[in-house]
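# Coordinate analysis (summary)
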Amino acid sequence: MQGRIIKGIGGFYYIDTERGIYESKARGIFRKEGITPLVGDMCEIDIVDEEQKIGNITGILPRKSALIRPAAANADQAVMIFAIKKPELSTGLLDRFLMNMEKQNLETVIVFSKNDLDDADRLMNIYGNAGYKVLSISNKTMEGIDKLRDILKGKISVLSGPSGVGKSSLINSLLEQEYAETGELSEKIGRGKNTTRHTELISLGEDTYIMDTPGYSSIEIMCDDADEVSYGFREMRPYLGKCRFTGCSHVAEPDCAVKKAVEDGAVSQERYESYVRIYEAVKAVRKY
């Protein structure tokens, strides 16, 4: 029998099939072959106990995509949730995430939540001009929720973002019911309690799924060399290879096409400064 993995906890996987959800373990052959089942995987299972809905995963069907961070399979897009305030927006964290999604060739939608606390126009312009689909929503007023539903329709979308940005509240809004436990915002540190402990696939309707993933406060950059960083900033790509010097880092060299684009306003100063910080960070790490 075939089904889709909708949740994995402590070595147990929950498989959604036409006959219900089966709790299953992966056979040892997966460990030997270095294969880890992922939420979103289509798989084959053998039934061990029909009454108790217990089975064993015997095979993983071919994946159309596989993400490393967050770990997920068969996603069509990533939906990045960031709050404007509380917790304070870190564009550096957002840019690192976008870089990783570019590295993994997954289209990304940026959603700014809690927009009732601040004006998101500036950020929407910066990232919209960088080539991303950007949306501003409010779980309080429901502004933008229907637009987000349209973006999600017919796709498997990975929902990801820092802890406390209102991701659980957003899922409740999308489902129009209390599905996800919402955490209380800590006044002391200005960030929410992370209520998601594992990745889980949630159905929003026919052929439409969201993957709820644990929140985070930092992101490791998926980059082997500092020279790769510029390719993670999609608005810089038209200017790569047009600088005076081959192998230009776009940081200190003269006659740099990227820096000229920043001066002309084609690339935002804020995004460029983020690029420089990430470039220097990767360069420092790769030295050792």
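Predicted model, so just to flag it, every value in this text is computed and none were measured.

## Re the overall build of the protein
- In terms of regular secondary structure, the protein is built from 7 helices and 15 strands.
- With 288 residues in all, the protein has 48% of them scored as buried.
- Of the accessible surface of the protein, which amounts to about 14700 Å², a share of 47% is contributed by carbon and sulfur atoms.

## Quick word on the packing of helix 4 (residues 145-152) against helix 5 (residues 167-175)
- For the pair helix 4 and helix 5, interaxial distance at closest approach is 10 Å and the crossing angle is 85 degrees. Considered as vectors, helix 4 and helix 5 are oriented roughly perpendicular to each other. For the pair formed by helix 4 and helix 5, the contact residues are Ile 145, Leu 148, Arg 149 and Leu 152 on the first element and Leu 170, Ser 173 and Leu 174 on the second.
- Along the lines of polarity and charge, the residues of the contact of helix 4 with helix 5 split into 5 nonpolar, 1 polar and 1 charged.

## Side note on the confidence of the model for the protein
- Within the protein, residue pLDDT values average 84, and 87% of them lie at 70 or more.
- When the criterion is pLDDT under 50, residues 180-195 qualifies, and its contacts beyond four places in sequence or with other chains add up to 30 contacts.

## A short note on helix 3 (residues 121-129)
- When helix 3 is considered as a whole, its buried residues turn out to be Leu 123, Ile 126 and Tyr 127. Angular distribution of buried residues about the axis of helix 3 spans 85 degrees; they occupy a single face of the element.

## What about the nonpolar core?
- Core analysis: the largest hydrophobic core is formed by 38 residues, its most contacted members being Ile 57, Leu 94, Ile 110, Phe 112 and Tyr 127.
- Each residue touching Leu 94, except ones within four places of it in the same chain, is listed here: Met 80, Phe 82, Ile 110, Phe 112 and Tyr 127.
- Cys 223, Ala 226, Val 229 and Tyr 275 belong to the second largest nonpolar core, which has 22 residues in total.

## Examining unusual backbone geometry
- In the Ramachandran plot, Asn 74 falls in the positive-phi region, its phi being about 65 degrees despite a non-glycine side chain.
- Take Asn 74: its relative accessible area is 6%, and that puts it in the buried class.
- Here the phi dihedral of Asp 207 falls at roughly 60 degrees; this positive angle occurs in a residue that is not glycine.
- Along the polypeptide, Asp 207 turns up in the loop between strand 14 (200-205) and strand 15 (208-212).

## Section: the pattern of salt bridges
- Tallied over the full model, the rule gives 14 salt bridges.
- Lys 53 is the partner of Glu 50 in a salt bridge, and the nearest nitrogen-oxygen pair spans 3.1 Å.
- Owing to a relative accessible area of 34%, Glu 50 belongs among the partly exposed residues under this scheme.
- Residue Lys 53 is classed as partly exposed on the basis of its relative accessible area, which comes to 25%.
- Residue Glu 228 pairs with Lys 103 through a salt bridge whose shortest N-O separation is 3.0 Å. With Glu 228 in the loop between strand 15 and helix 6 (257-264) and Lys 103 in helix 2 (residues 91-103), this residue pair connects regions lying 125 residues apart in the sequence.
- Residue Glu 228 is classed as partly exposed on the basis of its relative accessible area, which comes to 29%.

## Some points on the packing of aromatic side chains
- In this structure the tally under the stated criterion is 4 aromatic pairs.
- Relative to Tyr 275, the ring of Tyr 272 has its centre 6.1 Å away and its plane inclined at 35 degrees; by these criteria the two rings are tilted. With Tyr 272 and Tyr 275 both in helix 7 (residues 269-286) and 3 residues apart, this pair spans about one turn of that helix.
- Each residue in the set Phe 233, Tyr 272, Tyr 275 and Tyr 279 is aromatic and connected to the rest through ring pairs, giving one cluster.

## Here we look at the pairing of strand 9 (residues 108-113)
- Counting buried positions over the 6 residues of strand 9 gives 6, a clear majority of the element.
- Alternating residues of strand 9 divide into Thr 108, Ile 110 and Phe 112 and Val 109, Val 111 and Ser 113, and every residue in both groups is buried.
- Strand direction decides the pairing type here: strand 8 (residues 77-83) and strand 9, joined by 6 bridges, are parallel. Its bridge partner being in strand 9, Met 80 is matched across the sheet by Ile 110.
- Bridging between strand 9 and strand 10 (residues 133-136) involves 4 bridges; their strand directions are parallel. Note that in strand 10 the partner of Ile 110 across the bridge is Val 134.

Criteria and thresholds
- Residues numbered from 1 in each chain as written.
- Predicted model: local features only at pLDDT ≥ 70, side-chain atom pairs only at ≥ 80, totals over all residues.
- Heavy atoms only, no water.
- Helix = DSSP H or I, 4+ residues; strand = E, 2+ residues; numbered from the N terminus.
- Buried < 20%, exposed > 50% of the residue type's maximum accessible area, 1.4 Å probe, protein only.
- Areas by Shrake-Rupley, 256 points an atom, 1.4 Å probe, with all protein chains shown as cover.
- Axes fitted to C-alpha atoms, helices over the stretch in contact; angles between N-to-C directions.
- Parallel < 35°, antiparallel > 145°, perpendicular 65-115°, else oblique.
- Contact = heavy atoms within 4.5 Å.
- Nonpolar A, V, L, I, M, F, W, Y, C, P; charged D, E, K, R; others polar.
- pLDDT = per-residue confidence, 0-100.
- Arc of directions from axis to C-beta.
- Core = buried A, V, L, I, M, F, W, Y, C linked by side-chain atoms within 4.5 Å.
- Salt bridge = Lys/Arg side-chain N within 4 Å of Asp/Glu carboxyl O.
- Phe/Tyr/Trp six-rings, centres within 6.5 Å; stacked < 30°, edge-to-face > 60°.
- Pairing = 2+ DSSP bridges.

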